Amino acid sequence: MREQLIEKIMEEVIKKVDAPATEEAPQAEKKHSSLTEFVGTGLGDSIGLVIANVDHSIHEAMNLDKKYRSIGILGARTGAGPQIMAADEAVKATNTEILAVELARDTKGGAGHGSLIIFGAEDVADARRAVEVALKELERTFGDVHANEAGHLEFQYTARASYACEKAFNAPIGKSFGLVVGAPAAIGIVLADTVVKAANVDVISYSSPAKGTSFTNEVILTFSGDSGAVRQALITAREVGLDLLGTLGGKPASTTVPYI
Amino acid sequence: MREQLIEKIMEEVIKKVDAPATEEAPQAEKKHSSLTEFVGTGLGDSIGLVIANVDHSIHEAMNLDKKYRSIGILGARTGAGPQIMAADEAVKATNTEILAVELARDTKGGAGHGSLIIFGAEDVADARRAVEVALKELERTFGDVHANEAGHLEFQYTARASYACEKAFNAPIGKSFGLVVGAPAAIGIVLADTVVKAANVDVISYSSPAKGTSFTNEVILTFSGDSGAVRQALITAREVGLDLLGTLGGKPASTTVPYI
Amino acid sequence: MREQLIEKIMEEVIKKVDAPATEEAPQAEKKHSSLTEFVGTGLGDSIGLVIANVDHSIHEAMNLDKKYRSIGILGARTGAGPQIMAADEAVKATNTEILAVELARDTKGGAGHGSLIIFGAEDVADARRAVEVALKELERTFGDVHANEAGHLEFQYTARASYACEKAFNAPIGKSFGLVVGAPAAIGIVLADTVVKAANVDVISYSSPAKGTSFTNEVILTFSGDSGAVRQALITAREVGLDLLGTLGGKPASTTVPYI
């Protein structure tokens, strides 16, 4: 009886411990800071911050144009695609520029990237607004990140790429844009091949562990085309990806709601 | 009594949670996919895939020779050495070529690499066969990967290096070849010194966190020589490695059966 | 009742499992090795080793000056700053040189670095002494590493930088030196800006995920100045950092005792 109880508990615990890194418990209540630099937090251990008057020595150290007196900062342990797509909406909606997109090798032991995105503005209110918009968008852009204990898949779509997609992926401004990520990388190759066979799209870039990523275990394909073609390619690849990643573990799950 | 029970359970759980990443529970039943691209799965969260007719735009994006109409793909979250040695047997046994070996920084939070290996073939049956052979070989090549919660050790040997060892490590084709890995890297340095003192072998390469690895916390020495010398060097280094890694945690363990 | 018990145990377990990587249980009893190469172990899965007579082929492979017949090795899964600062004290106290500082992307799934530091000596007793001093210093230099489940902060100070700080960070020898680390990197940018506004210090270097780190999710600022100014900058930044990192998780905690 005691042994049975131990076993039952072990099962429950292992289930929790094995849950993918991105599948975090919903934050019961968001924590706040009284610092003026603090904007908010979001999915993927994302944090949003602003600096109203960047010190000149930091402008130089970061190699930023001094005309951007204020910067907005969006950083995350887990995820780059969701944050970049969210930042893309933020630049459309505000008077800011994307100054830098840097990708750490992270995801807290997962197979992918963390991210650091810098918005530039002349007024701190604009920088703050951009960060607020981006944090809010994360709820949507995490929708087609599907993970299990063995890896993750990501599908992103925008009908009209803007400056964050251009900075990060060289996407043509104003055109429909999509990206697929498969981890482990082997799965990403099949997704890439699926995308180009599924619809008439143009490949923009192909990244792999040794080239174009920060040594993540991912293959990433970015592409553009007609809105319908980009979406069709993503939907087809998503079906293939969920099937393949599922052979290595549990059913891959999204933390929010798929949007494509 | 209740407190004792909690304590007992905590002990059990911590034991499980602390188990090294490579020491996965044996997959009770392998999962399958009905996709024609799927070949199988293996140790280290390895997945084997094929593409029968690679799309030309993917050939270009991956920078592959178009004469290889079909590719076989072996990818893994945990391990590079075991997969490369397994691929080496696969190219010996099949009509395929090794087109690429890429190493991610991975092992799911461990100190080492994940891997992505591409086989090229003119016929998909050959690509599939290569991936099948490699997946099967993993059972053996994981034999001398020994891990505890603080790091891992790896010892690999082949009597006759083939094209995967050449591609990944610059090993001379047809000669006896060995490699040692120590993680954390400090241990690998002592292993490297032990190898060259234990037997008459020729150093091929030395890799460390900042040079020759994907920023893993490993030192890797590769070497060739007479079959007996290579094996003697590996056996001596294994003894030293198990002793040193054991000072940082539990007794390092193999997930399968040591073969050297 | 049974359900309540399971819940209570789950809580306890999740607490333990979520504890930051650096917050290891104190090693009840240190383990030893009888190998002459073994010196000791320390915080952060650090291991200290020596090689009395480095084989010439290893000298060459590691690209070390052969006049250093003996080397001391300090390697760690978790941490680079604490080990470098500890090594800095060790070179001051012994007849050794710093031959190499290499930074792995590690911290066992955390956001930062592991490290590999090589001391050179003509006599093995000197190499051993340096490693012993460094291992002992880790207790202090881990004092201002504060971590929670979402990231970490690090603050280091020395009144007089020596050769390890010079090798790793280009610090001017003999001057007061400080460094701040924030992870996720977004927090590090605010710390960097805080440092230069808090006191009259000179920036030496700024590192970020894509530049100057091994793709860690950190921003690192190093700086020098008057002893009082460096300390004041660190104390101010520590307050800001603890506040910001706390918004992403639990209260950040040190594993030992803050020293600044």
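Residues numbered from 1 in each chain as written. Chains lettered and ligands numbered in written order. Predicted model: local features only at pLDDT ≥ 70, side-chain atom pairs only at ≥ 80, totals over all residues. Heavy atoms only, no water.

Looking at an unreviewed UniProt entry, one finds chain A named Propanediol utilization polyhedral body protein PduB and attributed to Bacillus thermotolerans. In its Subcellular location (unreviewed entry) section, the UniProt entry covering chain A states "Bacterial microcompartment". (UniProt positions renumbered as here; feature names shortened; annotations may be inferred.)

A.B. asks: Before we go on, may I ask you to explain the overall build of chain A in this structure?
C.D. replies: Of the regular secondary structure elements, chain A holds seven helices and eleven strands. A buried classification covers 61% of the 260 residues belonging to chain A. Long-range contacts, defined as pairs at least 24 residues apart, comprise 68% of the intrachain contacts of chain A with a sequence gap of at least 6. If you sum the accessible surface of chain A, you get close to 9700 Å²; carbon and sulfur atoms cover 47% of it. (Helix = DSSP H or I, 4+ residues; strand = E, 2+ residues; numbered from the N terminus. Buried < 20%, exposed > 50% of the residue type's maximum accessible area, 1.4 Å probe, protein only. Contact = heavy atoms within 4.5 Å. Areas by Shrake-Rupley, 256 points an atom, 1.4 Å probe, with all protein chains shown as cover.)

A.B. asks: Looking at this structure, I do not really get the interface of chain B and chain C. What am I missing?
C.D. replies: Interfaces are often sized by the accessible area lost when the parts come together. Facing the 44 residues of chain B at the interface are 47 residues of chain C. For the pair chain B and chain C, the interface holds one salt bridge. Linking Arg105(B) and Asp106(C) is a salt bridge whose minimum nitrogen-to-oxygen distance equals 3.7 Å. In this structure, the connection of chain B to chain C is made through 13 residue pairs in polar contact (both at pLDDT 80 or more). Looking at the side of chain B that touches chain C, the elements that each hand over two or more residues are α1 (2-18), α6 (185-198), β9 (201-207), β10 (219-225) and α7 (227-246) of chain B. Top element by residues in the side of chain B that touches chain C is α6(B). It accounts for nine residues. (Salt bridge = Lys/Arg side-chain N within 4 Å of Asp/Glu carboxyl O. Polar contact = N/O pair within 3.5 Å; in protein donor to acceptor, adjacent residues only side chain to side chain.)

A.B. asks: I keep staring at the relation of the copies chain C and chain A and nothing clicks. Help me out?
C.D. replies: Between the two copies of the chain lies a rotation about an axis combined with a shift along it. With an RMSD of 0.0 Å, the operation that places chain C on chain A is a rotation of 120° combined with a shift of 0.0 Å along the axis. The superposition operator between the copies reduces to a three-fold rotation axis. Taking the C-alpha atom as reference, chain C places Gly109(C) closest to the rotation axis, 2.4 Å from it. (Least-squares fit on C-alpha atoms with pLDDT ≥ 70 in both.)

A.B. asks: Sorry if this is basic, but what is going on with the interface of chain C and chain A here?
C.D. replies: In this assembly, 44 residues from chain C lie in contact with 47 residues from chain A. Buried area between chain C and chain A, summed over both chains or domains, comes out near 3500 Å², and the portion from carbon and sulfur atoms is 71%. In this structure, the connection of chain C to chain A is made through one salt bridge. Counting the contacts that link chain C with chain A gives 13 residue pairs in polar contact (both at pLDDT 80 or more). Residue assignment for the side of chain C that touches chain A shows that the elements contributing at least two residues are α1 (2-18), α6 (185-198), β9 (201-207), β10 (219-225) and α7 (227-246) of chain C. Among the elements that take part in the side of chain C that touches chain A, α6(C) stands out by supplying nine residues, more than any other. A class-by-class count of the residues in the side of chain C that touches chain A yields 27 nonpolar, ten polar and seven charged. (Buried area = accessible area lost by both parts, 1.4 Å probe. Nonpolar A, V, L, I, M, F, W, Y, C, P; charged D, E, K, R; others polar.)

A.B. asks: What's the story with the nonpolar core in this structure? I'm lost.
C.D. replies: Grouped burial of nonpolar side chains is what soluble globular proteins tend to show. Counting residues in hydrophobic clusters, the biggest one holds 46 residues, and the most contacted among them are Ile73(A) and Ile189(C). Sorting elements by how many residues they give to this core places α6(C) first, with nine residues. What Ile189(C) contacts, discounting residues up to four positions off in sequence, is Ile51(A), Met62(A), Ile71(A), Ile73(A), Leu116(A), Ile118(A), Tyr206(C) and Val219(C). (Core = buried A, V, L, I, M, F, W, Y, C linked by side-chain atoms within 4.5 Å.)

A.B. asks: Please clarify how the packing of aromatic side chains should be interpreted in this entry.
C.D. replies: In total, this model carries six aromatic pairs over all chains according to the counting rule given. Residues Phe215(A) and Phe215(B) carry aromatic rings whose centres are separated by 5.8 Å and whose planes lie at 75° to one another, so their mutual orientation is edge-to-face. Of this pair, Phe215(A) sits in the loop between β9 (201-207) and β10 (219-225) while Phe215(B) sits in the loop between β9 and β10, placing the two residues on different chains. Of the two residues, Phe215(A) and Phe215(B), both sit in the buried class. Counting every residue linked through ring pairs, the aromatic cluster contains Phe215(A), Phe215(B) and Phe215(C). The ring of Tyr259(B) carries the charged tip of Arg140(B) above its face, separated from the ring centre by 5.0 Å. (Phe/Tyr/Trp six-rings, centres within 6.5 Å; stacked < 30°, edge-to-face > 60°. Lys NZ or Arg CZ within 6 Å of the ring centre and 35° of its normal.)

A.B. asks: What is the right way to read the relation of the copies chain B and chain C from this model?
C.D. replies: With an RMSD of 0.0 Å, the operation that places chain B on chain C is a rotation of 120° combined with a shift of 0.0 Å along the axis. The fraction of interface residues of chain B whose copies in chain C are also interface residues is only 16%, indicating that the copies meet through different surfaces.

A.B. asks: Teacher, can you tell me more about α6(C) here?
C.D. replies: Residues three or four positions apart in an α-helix share a direction because the helix packs 3.6 residues into each turn. All names here are of chain C. Helix length check: α6 (14 residues) gives 20 Å between terminal C-alpha atoms against 20 Å at 1.5 Å per residue, within 8%. Burial runs high along α6: twelve of the 14 residues are buried. Listed in full, the buried residues belonging to α6 are Ala185, Ala186, Ile187, Gly188, Ile189, Val190, Leu191, Ala192, Asp193, Thr194, Val195 and Val196. (Expected span 1.5 Å × (residues − 1).)

A.B. asks: Honestly, the pairing of strand β3 (residues 70-76) of chain A in this entry has me stumped. Any pointers?
C.D. replies: Look at any regular strand and the pattern is simple: side chains alternate between the two faces of the sheet. All names here are of chain A. By the criterion of burial, β3 is predominantly enclosed, with seven of the seven residues buried. Side-chain alternation along β3 places Ser70, Gly72, Leu74 and Ala76 on one buried face and Ile71, Ile73 and Gly75 on a second face that is also buried. In this structure, β3 lies alongside strand β5 (residues 113-121), joined through seven bridges in antiparallel fashion. Following the sheet pairing, Ser70 is matched in β5 by Ala121. (Pairing = 2+ DSSP bridges.)

A.B. asks: Just checking my understanding: could you explain the side chain of Arg105(A) for this structure?
C.D. replies: Position of Arg105(A) among the secondary structure elements: in strand β4 (residues 97-105). Classification of Arg105(A) by relative accessible area gives buried; the value is 5%.

A.B. asks: Any chance you could explain the pattern of salt bridges here in plain terms?
C.D. replies: Any two side chains of opposite charge can pair, given that their charged atoms come close. Scanning the entire structure with this criterion turns up 27 salt bridges over all chains. Asp106(C) is the salt-bridge partner of Arg77(C), the closest N and O atoms lying 2.7 Å from each other. Of this pair, Arg77(C) sits in the loop between β3 (70-76) and α3 (81-93) while Asp106(C) is found in the loop between β4 (97-105) and β5 (113-121), placing the two residues 29 residues apart along the sequence. Neither Arg77(C) nor Asp106(C) differs from the other in exposure class; each is buried. Each of the salt bridges in this network shares a partner with another, and the network as a whole consists of Arg77(A), Asp106(A) and Arg105(C).

A.B. asks: Help me understand the packing of α6(C) against α7(C) in this model?
C.D. replies: The angle between the axes and the distance between the axes are what describe a pair of packed helices. Residues and elements named next belong to chain C. Two numbers describe how α6 lies on α7: the axes approach to 8 Å, and their chain directions differ by 150°. When the axes of α6 and α7 are compared, the pair comes out roughly antiparallel. Crossing hand, α6 versus α7: right-handed. Facing α6, whose interface residues are Ile187, Val190, Leu191, Thr194, Val195 and Ala198, α7 presents Gln232, Ala233, Thr236, Ala237, Val240, Gly241, Leu244 and Leu245. (Axes fitted to C-alpha atoms, helices over the stretch in contact; angles between N-to-C directions. Parallel < 35°, antiparallel > 145°, perpendicular 65-115°, else oblique. Left-handed = near helix turned anticlockwise from the far one by under 90°.)

A.B. asks: Help me out: how do you make sense of the sheet that holds β3(C) in this one?
C.D. replies: Where strands meet in a sheet, backbone hydrogen bonds hold them as pairs that are either parallel or antiparallel. All names here are of chain C. Spatially, the five strands line up as an open sheet ordered β1-β2-β3-β5-β4, and their pairing is antiparallel. Edge positions in the sheet fall to β1 (38-42) and β4, since each has one partner strand and no second. Each adjacent strand pair in this sheet contributes to an overall mean axis angle of 15°, direction not counted. Direction of pairing for β1 relative to strand β2 (residues 46-51): antiparallel, over a ladder of four bridges.

A.B. asks: Looking at this structure, how should I read helix α4 (residues 124-141) of chain B?
C.D. replies: Helix length check: α4(B) (18 residues) gives 25 Å between terminal C-alpha atoms against 26 Å at 1.5 Å per residue, within 8%. Of the residues that open α4(B), the one with a side-chain oxygen 2.7 Å from the backbone nitrogen of Ala125(B) is Asp123(B).

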